[in-house]
Amino acid sequence: MSKHNVPEELQAEIQAIRDQYKERLVSDKSKLTSLLDGLSLTNANQRVDEIHLILHSISGSAGTFGFDKISEEARRIDEKLKESASQFGQDTIIKLISNDVTRFCQLLDRTSVHNASSSSESASTAKTLQKTNPSRSAHEGEVWLIEENEQLAAQFSKQLVNFNFKINTVTLKEALKLVDKGGWPDATIIDMDGHPFNATADFKTLFTTTEGAPKGLIMLSENDAFDQRIKAAKIRATSFLKKPINLSELVSHLEAVVNEEKSAQPRVMLIDDDKELCSLMKLELESQGMQVSILHDVRNIVSELNEFRPELLLLDMEMPEYSGIDIALLVRQNVQFESLPIVYLSAERNLDKQTEALLFDADDFLVKPISNERLISSIRSRVHRARNLEQLISRDGLTGLLKHATIKEHADRELMRARREKTALSIIMLDIDHFKRVNDTYGHSTGDTVIASLAALLRHRFRQTDIVGRYGGEEFLVILPNTQEQEAFKIVDRIRIAFSEMEFSADNQKFSCTLSAGCICSSHLPDQMDASELIETADKALYESKRNGRNQVSTQQ
Amino acid sequence: MSELKRVLLVDDEPDIQAIAKLSLDKVGGFTSLICSSGYEAIEQIADFKPDLVLLDVMMPGLDGPHTLKQLQEKGLLDGTPVVFFTAKVLNSEVEELKELGAQDVISKPFDPMTLPTQLKDIWNRANEQT
């Protein structure tokens, strides 16, 4: 199977077309601004149509040129526009559009700033082209390592690069200069031990720039006494790691920080008999990027919950036929929704009554009318806590991946979805070669490091929509929705190579490991096969790789 | 089974034309012809004799579905599979497009590195069916 090696000449051509596209975005932005400027009730129809056409076209093209975020944002607004056209009067539409399109124009603006500063960069490969996602800051997706010790800096960045982080190693002085140009990156790691960070250094003053303090901050230090830790806490560091650093631990923390930034948006289900209020809340939450579903017929609640799988249920307390408490108790009768956060919405201002309602299995009580900010932040914080708990329950402690039972549930669900939507589902089973030998030679804790490192590599190299689990001791299962076998093969083969290039050390000895994998696709297998049978077939392909000498990927074909 | 060699792309956006041409010719190794409108496609198809037509849905003047209808009515397709190219992603919309007689639907934005493979897969499936 050939890899995606993009010849330099082709890269240059892609870059040239991309540059041309950036110019088009600039001109689209001015068109949108002038359409917005004179938007009024008398000309709304025609102007909104024109705005719709521009957004539709950008949503379909920007991603191809590497501007994924712009594409997604254009699509989101475009869809909101279509939906609101059938529900609201023109004055509401004008208000909605003005806010969204203005924000979108600002996003386009930031993109051209980003481009101006990077126009001299050489052409990137197609992969980077796909990944480039210019928004918010010029350094998005990047991790800075502020390390004054050159040797340590080189060592860290060499190890971290395997995990697909874009690492930029800088000194404090260089970092502060870069911040002026484009703000802080998504994550910053600071080694607190080097010179300018002496015992008396005030970190808060050191790092607070006109661009604010760094976000996603991880502090490293040899000294983990209270005074040092409180310094880290005062500049709002999310993690503190004691040196010498355990690589997989650092990767997990880094991942938590970076994923927080780009983690999927909350999925919320709304139940309220006030249709107009429901539609407005839906639009408002969607404009924050959340996925929202309105339950129209409460009798279908269990099937709708199963289908949409919300992460939070927003429930009106007082509905004509059933109360919020009735519905909450009915939901909790189903064990799979035992931990689903339920938030009541009500006009009830009596505190005693609110407390009474909370006794019945709900998590929070919001009083109507509620400001959008409050609604959004309550949803976000509830979902965030629920995800952390879910993580503890369903994820394996060593690897942070899904546990055996959970990944099998996902396999069942994804297979059903693939059959319903007539898409291909690929399944990969992989296993570390001669793992027993690693444990016997270097001890179990080294073995655990190898497992955790592979897990981190898997979490990084697969897409957010792919589902990765630890199937057994050193065996992993990956489910790739909407993916043909060829594509799955390419991804896992690249991981195989990257893993074989990773270096581990134990007892002053360096060693490396390899993996074998089996890769299958539902579209090449009979329709009556269930998820367990598909996993078995992937397992057979894995053993084919083992039989043929290991360190390879086999497919069923 | 014969191989997919000639692809006719119909799309009005110059940027998409440029990147798709690069993808089809350089990455896929196909011979491609780009038409900027449905009318141009109707005019050119008989001379170019494509193995597959990649047709944008939303174009000014004659849009994708109407272009397909005219190609069908004028008997210009003769079994040539037509694939719609669209930023619409709702399943219902995709199904509607397929009902018009398209072989498949490719969603935009597309990845220029994998577009040719996608087309080959669709082409192979179309051939298996006949």
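Residues numbered from 1 in each chain as written. Chains lettered and ligands numbered in written order. Predicted model: local features only at pLDDT ≥ 70, side-chain atom pairs only at ≥ 80, totals over all residues. Heavy atoms only, no water.

The name recorded for chain B in an unreviewed UniProt entry is Response regulatory domain-containing protein, from Idiomarina seosinensis.

Looking at an unreviewed UniProt entry, chain A carries the name diguanylate cyclase, with the source organism given as Idiomarina seosinensis. Per UniProt, chain A carries the Cofactor (unreviewed entry) text "Mg(2+)". What UniProt records for chain A under Catalytic activity (unreviewed entry) is the sentence "2 GTP = 3',3'-c-di-GMP + 2 diphosphate". (UniProt positions renumbered as here; feature names shortened; annotations may be inferred.)

Enquirer: Hey, could you run me through the overall build of chain A in this one?
Expert: A tally of regular secondary structure across chain A gives 20 helices and 17 strands. Among the 557 residues that make up chain A, the fraction classed as buried is 50%. When the accessible surface of chain A is summed, it comes to about 27300 Å², and 49% of that surface belongs to carbon and sulfur atoms. (Helix = DSSP H or I, 4+ residues; strand = E, 2+ residues; numbered from the N terminus. Buried < 20%, exposed > 50% of the residue type's maximum accessible area, 1.4 Å probe, protein only. Areas by Shrake-Rupley, 256 points an atom, 1.4 Å probe, with all protein chains shown as cover.)

Enquirer: Explain the interface of chain B and chain A to me, please; I cannot follow it from the model alone.
Expert: Much of the literature gives interface size as the accessible area that the parts lose upon coming together. Across the contact, 24 residues belong to chain B and 28 residues belong to chain A. Note on chain B versus chain A: buried area summed over both sides is about 2200 Å², and carbon and sulfur give 63% of it. The tally of links between chain B and chain A comes to two salt bridges. For B:Glu13, the salt bridge goes to A:Arg24, with nearest N and O atoms at 2.3 Å. (Contact = heavy atoms within 4.5 Å. Buried area = accessible area lost by both parts, 1.4 Å probe. Salt bridge = Lys/Arg side-chain N within 4 Å of Asp/Glu carboxyl O.)

Enquirer: What exactly am I supposed to notice about the packing of helix α17 (residues 435-442) of chain A against helix α18 (residues 444-461) of chain A here?
Expert: Packed helices, taken two at a time, are described by the angle their axes make and the gap between the axes. All names here are of chain A. Running from N to C, α17 and α18 cross one another at 140 degrees; their axes reach a closest spacing of 7 Å. Comparing their axes, α18 and α17 come out oblique. Only His444, Thr446, Gly447, Val450 and Ile451 of α18 make contact with α17, whose side of the interface consists of Phe435, Val438, Asn439 and Tyr442. Of the residues that constitute the contact of α17 with α18, the class distribution is five nonpolar, four polar and no charged. (Axes fitted to C-alpha atoms, helices over the stretch in contact; angles between N-to-C directions. Parallel < 35°, antiparallel > 145°, perpendicular 65-115°, else oblique. Nonpolar A, V, L, I, M, F, W, Y, C, P; charged D, E, K, R; others polar.)

Enquirer: Please explain the packing of helix α12 (residues 301-308) of chain A against helix α13 (residues 324-332) of chain A as it appears in this structure.
Expert: Residues and elements named next belong to chain A. Where α12 contacts α13, the two axes come as close as 10 Å, and the packing angle between them is 60 degrees. Here α12 lies oblique to α13, going by the angle between them. Classified by chirality, the crossing of α13 by α12 is right-handed. Where α12 approaches α13, its residues Ile301, Val302 and Leu305 are matched on the opposing element by Ile327, Leu330 and Val331. (Left-handed = near helix turned anticlockwise from the far one by under 90°.)

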